[in-house]
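Listed below are the residues making up each chain.
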Amino acid sequence: MPRQARIDAPGALQHIICRGIERRKIFLSDVDRDDFVDRFSLIISDSETLCYAWALLENHFHLLLRTGNVPITTIMRRLLTGYAVSFNRRHRRHGRLFQNRYKSILCQEDPYLLELVRYIHLNPLRAGIVKDLDGLDGYAYCGHSRLTGHIESDWQAVDGVLFLFGKQKKAARKRYRRFIQDGIDQGKRPELTGGGLLRSTGGWGVLKSMRRMKEHLKGDERILGDSDFVMQVLESAQERMEERYRLSASGYTFERMIEQVSEHFGISIDDILFPGKHPHRVKARSVAAYLAVRRLGMDGTMVGQRMGVGQSTISRAVTRGEEIMRELDISFP
């Protein structure tokens, strides 16, 4: 069967799981782990992606991210390619380091965000990397140590998680740690990482009960959520894909879009394709970036190359462009 396309959208909550090829170790020392964390933190900050939870194991890692304007595919390509090249050079090896395809699961925020934070952060304890919760508190290669305040990192979305446990940070940290402690005896939680319908319904027990009641649900291995959420995500993804096919079939290319933006704002095509600081020019370029990334489905890095700027600049321009289109009530194509 052909692989299904990844599902992603701005603001989507994604659980990423990536393993070494043939389940081999991808972290041989703290030098490797530090290299990975340094690269990851820079990419997260540069792309304005929120990271709620993460954990490094010997042969795989987990990430819980909220997508900004930079697609998950772009983030992961930068992270995996850069780390693999560095790892191979450091250990004098050749060939692939990671499995061909990492797993990305689009998650329903309520009720899964906190459950996934707990599941991911307990991985080093379940794997025996640390002996107990006290050891996990200080484990540098897991987001739990940042949430408990043992290690400071300005790139992790610590406040976004702690706020769910209370407005006062000190009290919130205590409640968060108690929440983590309560999950130690829950085991591996296959319903959070397993196959589609099993995961979407909360485990075999719930699924069997629903089947006895002849209640048929929609499931998808790329999505963690209830049946309504799964259907909503699939319909939205299909709509975005159909629009891109429709635009492509009608000849609405990047070049045609640039011409249209040029005509609307009354400036030259060169003024859109080359950087400049004039406010009117910035508005036009921002709208063009938004249309290219969101409507045409182009990669932000590719758009940046066409417009003479970096990917992070395009990411900010996409957000600005969306606001401009809404404020000026612009509607095209």
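Residues numbered from 1 in each chain as written. Predicted model: local features only at pLDDT ≥ 70, side-chain atom pairs only at ≥ 80, totals over all residues. Heavy atoms only, no water.

Asker: Whenever I open this one, the overall build of the protein confuses me. Can you help?
Answerer: If you tally the helices and strands in the protein, you get 16 helices and five strands. For the protein, contacts bridging at least 24 residues in sequence account for 66% of all contacts bridging at least 6. Working note: accessible area of the protein is about 17100 Å², and carbon and sulfur atoms make up 50% of it. (Helix = DSSP H or I, 4+ residues; strand = E, 2+ residues; numbered from the N terminus. Contact = heavy atoms within 4.5 Å. Areas by Shrake-Rupley, 256 points an atom, 1.4 Å probe, with all protein chains shown as cover.)

Asker: Quick question: what am I supposed to make of unusual backbone geometry here?
Answerer: Excluding glycine, most residues fall at negative phi; most peptide bonds, likewise, are trans. Positioned with a positive phi, Arg 23 is a non-glycine residue whose angle comes to about 60°. Residue Arg 23 is classed as exposed on the basis of its relative accessible area, which comes to 52%. Even without a glycine there, the phi angle at Arg 92 is positive, about 50°. With respect to the helices and strands, Arg 92 occurs in the loop between α2 (72-91) and β4 (103-107). For Arg 92, a relative accessible area of 79% translates into the label exposed. (Buried < 20%, exposed > 50% of the residue type's maximum accessible area, 1.4 Å probe, protein only.)

Asker: Looking at this structure, I do not really get the pattern of salt bridges. What am I missing?
Answerer: Where charged atoms of side chains with opposite charge meet at close range, the side chains can pair. A complete count under the given rule lists 14 salt bridges for this structure. Where salt bridges share partners, they join Asp 32, Asp 35, Arg 39 and Arg 90 into one cluster. (Salt bridge = Lys/Arg side-chain N within 4 Å of Asp/Glu carboxyl O.)

Asker: Which parts of the structure should I look at to understand the nonpolar core?
Answerer: A general feature of soluble globular proteins is that nonpolar side chains tend to end up buried together. Within the largest apolar cluster, 60 residues are counted, with the highest numbers of intra-cluster contacts made by Phe 40, Phe 61, Leu 63, Met 76, Phe 98 and Val 117. When residues in this core are grouped by element, the largest group, eight residues, is from α2. Counting 26 residues, the second-largest nonpolar core is a separate cluster that includes Tyr 252, Val 287, Val 303 and Ile 324. (Core = buried A, V, L, I, M, F, W, Y, C linked by side-chain atoms within 4.5 Å.)

Asker: What should I look at first to understand the environment of Glu 22 in this one?
Answerer: Relative to the helices and strands, Glu 22 is located in the loop between β1 (13-19) and α1 (30-47). The exposure class of Glu 22 is exposed, given its relative accessible area of 59%. Sequence separation between Glu 22 and Asn 59 is 37 residues, and the spatial gap between their C-alpha atoms is 9.3 Å. Separated by 2.5 Å, the side chains of Glu 22 and Arg 24 make a polar contact. (Polar contact = N/O pair within 3.5 Å; in protein donor to acceptor, adjacent residues only side chain to side chain.)

Asker: What is the right way to read the confidence of the model for the protein from this model?
Answerer: Looking at the protein, the pLDDT average stands at 81 and 76% of residues meet or exceed 70. Looking over the protein, one finds the lowest element-wise mean pLDDT in helix α9 (residues 196-201), namely 43, and the highest in helix α6 (residues 144-147), namely 97. Between residues 194-220, whose pLDDT stays under 50, and residues either more than four places distant or in other chains, the model counts 49 contacts. (pLDDT = per-residue confidence, 0-100.)

Asker: I would appreciate a short explanation of the packing of aromatic side chains in the present structure.
Answerer: For any pair of aromatic rings, geometry is given as the distance between the ring centres together with the angle between the planes. The full count for this structure, using the stated rule, is 13 aromatic pairs. Ring plane angle 45° and centroid distance 5.6 Å describe the contact between Trp 54 and Trp 155, whose orientation is recorded as tilted. With Trp 54 in strand β2 (residues 50-56) and Trp 155 in the loop between α6 and α7 (158-162), this pair connects stretches of sequence that are 101 residues apart. Under the relative-accessibility criterion, Trp 54 is labelled buried at 1%. Take Trp 155: its relative accessible area is 12%, and that puts it in the buried class. Measuring from centroid to centroid gives 5.8 Å for Tyr 139 and Tyr 141, while their planes differ by 80°, and the two rings are edge-to-face. Both residues of the pair, Tyr 139 and Tyr 141, count as buried. Three or more aromatic residues link up through ring pairs in this structure, and these residues are Phe 27, Phe 36, Phe 40, Trp 54, Phe 61, Tyr 83, Phe 87, Phe 98 and Trp 155. The ring of Tyr 141 is capped by Arg 33, whose NZ or CZ atom sits 5.6 Å from the centre of that ring. Directly above the aromatic system of Phe 179 lies the positively charged group of Arg 118, at a separation of 3.8 Å from the ring centroid. (Phe/Tyr/Trp six-rings, centres within 6.5 Å; stacked < 30°, edge-to-face > 60°. Lys NZ or Arg CZ within 6 Å of the ring centre and 35° of its normal.)

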